[in-house]
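Examination of the molecular architecture
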Amino acid sequence: MKKIVSLVGARSQFVKEAVVGAEVRRRNAWRHVLVHSGQHYDANMSDLFFTELEMKQPDHFLGIGSGSYVHQTADVLVKFEALLLQEKPDAVLVYGDTNTTVAGALAAAKLKIPVAHVEAGIRQQLKDMPEEINRVLVDHLSAQLFCCSDLAARNLANEGITNGVTVPGDVMYDLYIKMHRRFTPEETRTRFGVEKDVYIVATIHRDFNTDDPSTLQVILDGLDRAHRETGLDILLPLHPRSRKRIAEFGLDGRTRNLRLVDPICYLDLLSLAQHCAAVITDSGGYQKEAYYAGKRAVVLMLDTGWRELVEAGWNLLCTPDAEQIAQTITTALEDTPRPENLFGDGSAGNHIVDLIIGISS
Ligand code: UD1
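A brief report on the enclosed structure follows. Treat the numbers as computed from the prediction; the structure is a model and nothing was measured. (Residues numbered from 1 in each chain as written. Predicted model: local features only at pLDDT ≥ 70, side-chain atom pairs only at ≥ 80, totals over all residues. Heavy atoms only, no water.)

Attention now goes to the environment of His140. Of note, His140 is situated in helix 5 (residues 130-141). Residues His140 and Tyr41 lie 99 residues apart in sequence; the distance between their C-alpha atoms is 29 Å. In contact with His140, other than residues within four places in its own chain, are Glu159 and Ile161. (Helix = DSSP H or I, 4+ residues; strand = E, 2+ residues; numbered from the N terminus. Contact = heavy atoms within 4.5 Å.)

Here it is as structure tokens:
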């Protein structure tokens, strides 16, 4: 039986590993060694996901914690190499585009261990975002590249990557379908004190939105303005970095009309998506999950890797400008036809396991 090491570290990876790991265990497909880098470490950024998504506990914890992007990447690289030398796996599975992902792929490739990348081929026009740098590098290091959509496969072909590329679909859609019966929209929104259809869920965590005082201020002002113009409550679960920056930049006064809460778990976030009027976010995952929940998202980015949703007219890109934020939220409240089946049929995890063990699907 093959031995495969899966590497995770951040919230956006736990949700993907939850699907693939469950499928591996259900089929006893290979010896599944789960490694947590420690990039996210607060209970509500990490442990909570393992519990509510019923994930296997990590076999190894690298404990890297926070630091500059370079430091974080270097730390995973060194610690993960030592672990691979000890575990000697047949392959390494990495997810998404975080610093953990790129370090894991590079360590494995240097040791000539084949890398399999879940969520390959995501590209955007802006090339200097840390996640975009990570995506390009990981894809060029990978032997198996699992894409969420045909667009992602075309992006890879444009860079000359065609070997090992398949389109099993989005594992986050699998998770959405699997967890749907556990969503509790009414109970959750009542607990958060908001009414059906009259609130927006907002999430902000990207460094380019949080780390510059004037940008963060403009975003908070835009949310405030949207609240005053539409009458909708703005529920803002705050990533620890955003909370720190708001305090550091003295912006607490700008959040008076917003409902700030601590980071929330998968089930709460997805339950809130069911009854909200719209979403405003800079999260890659949540802009897609809003679509799965039938809600439009205002994407607080100049460009996104999830272009399908923007080109279909469903999600709306928005620059950090208070007036534009308020206006774009108003547009997102309008009805528009929902594009169908953009990211597979909810069986991506099954296909990925088939492909890794060599069953062509
Ligand atoms: C990372 C990923 C991003 C992904 C997100 C998922 C990179 C470059 N970015 O962004 O692609 O969308 O995870 O959520 O890898 N912090 C805490 N406690 C924690 C974790 C973080 O306080 O448990 C604070 C620290 O101050 C840290 C900051 O948040 O420096 C940023 O965390 P980091 O993991 O570097 O990046 P994310 O913004 O979470």
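Ordered by their spatial adjacency, six strands build an open sheet running 10-9-8-11-12-13, and the pairing between neighbours is parallel. Two strands in the sheet have a free side with no partner beyond their single neighbour: strand 10 (259-261) and strand 13 (316-317). Strand contacts of helix 12 (residues 266-275): strand 8 (199-203) and strand 9 (233-237), with the helix running at about 145 degrees to strand 8, the strand carrying the most contacts. (Pairing = 2+ DSSP bridges. Axes fitted to C-alpha atoms, helices over the stretch in contact; angles between N-to-C directions.)

In this section: the sheet that holds strand 5 (residues 115-120). In space, the seven strands of this open sheet follow the order 3-2-1-4-5-6-7, with parallel pairing throughout. At either margin of the open sheet sits one strand with a lone partner, and together these are strand 3 (60-61) and strand 7 (165-166). The sheet contacts of helix 4 (residues 99-110) involve strand 1 (3-8), strand 4 (91-95) and strand 5, and relative to strand 4 the element is tilted by about 165 degrees.

With the rule as written, the count across this model stands at 10 aromatic pairs. Between Tyr176 and Tyr292 the ring centres are 5.9 Å apart and the planes differ by 45 degrees, which places this aromatic pair in the tilted class. Of this pair, Tyr176 sits in helix 7 (residues 171-179) while Tyr292 is found in helix 13 (residues 284-292), placing the two residues 116 residues apart along the sequence. The class of Tyr176 is buried, set by a relative accessible area of 6%. The class for Tyr292 is buried, based on a relative accessible area of 8%. Each ring, one from Trp306 and one from Phe343, has its centre 5.5 Å from the other, and the planes form 90 degrees; the classification is edge-to-face. Taken together, the residues Trp306 in the loop between strand 12 (297-299) and helix 14 (307-311) and Phe343 in the loop between helix 15 (322-332) and helix 16 (348-357) connect sequence positions 37 residues apart. An aromatic cluster of three or more residues is present, and its members are Tyr173, Tyr176, Phe183, Tyr266, Tyr291, Tyr292, Trp306 and Phe343. Between Lys288 and the ring centre of Trp306, over which it is positioned, the NZ or CZ distance is 4.2 Å. The ring centre of Tyr291 lies 4.4 Å from the NZ or CZ of Arg338, which sits over that ring. (Phe/Tyr/Trp six-rings, centres within 6.5 Å; stacked < 30°, edge-to-face > 60°. Buried < 20%, exposed > 50% of the residue type's maximum accessible area, 1.4 Å probe, protein only. Lys NZ or Arg CZ within 6 Å of the ring centre and 35° of its normal.)

The subject of this paragraph is the side chain of Glu308. As for its placement among the helices and strands, Glu308 is situated in helix 14. Buried charge Glu308 goes without a salt bridge, the closest partner of opposite sign being Arg154 at 7.0 Å. Separated by 2.5 Å, the side chains of Glu308 and Ser149 make a polar contact. (Lys, Arg positive; Asp, Glu negative; His and termini not counted. Salt bridge = Lys/Arg side-chain N within 4 Å of Asp/Glu carboxyl O. Polar contact = N/O pair within 3.5 Å; in protein donor to acceptor, adjacent residues only side chain to side chain.)

Looking now at the nonpolar core. Formed by 66 residues in total, the largest nonpolar core has its most connected members in Trp30, Leu53, Leu93, Leu175, Val201, Tyr266 and Ile356. Those residues in contact with Leu93 that sit more than four places away from it in its chain are Ile4, Val5, Ser6, Leu7, Val20, Trp30, Ala116, Val118 and Ile356. Core analysis: the second largest hydrophobic core is formed by 25 residues, Leu258, Ile280, Leu300 and Ala326 among them. (Core = buried A, V, L, I, M, F, W, Y, C linked by side-chain atoms within 4.5 Å.)

Burial within strand 4 is extensive, with five of its five residues counted as buried. Burial along strand 4 is two-sided: Ala91, Leu93 and Tyr95 and Val92 and Val94, pointing in opposite directions, are all buried. In the sheet, strand 1 pairs with strand 4 via four bridges, with the strands oriented parallel. Paired with Ser6 across the two strands is Leu93, which belongs to strand 4. Alignment of strand 4 against strand 5, held across four bridges, turns out to be parallel.

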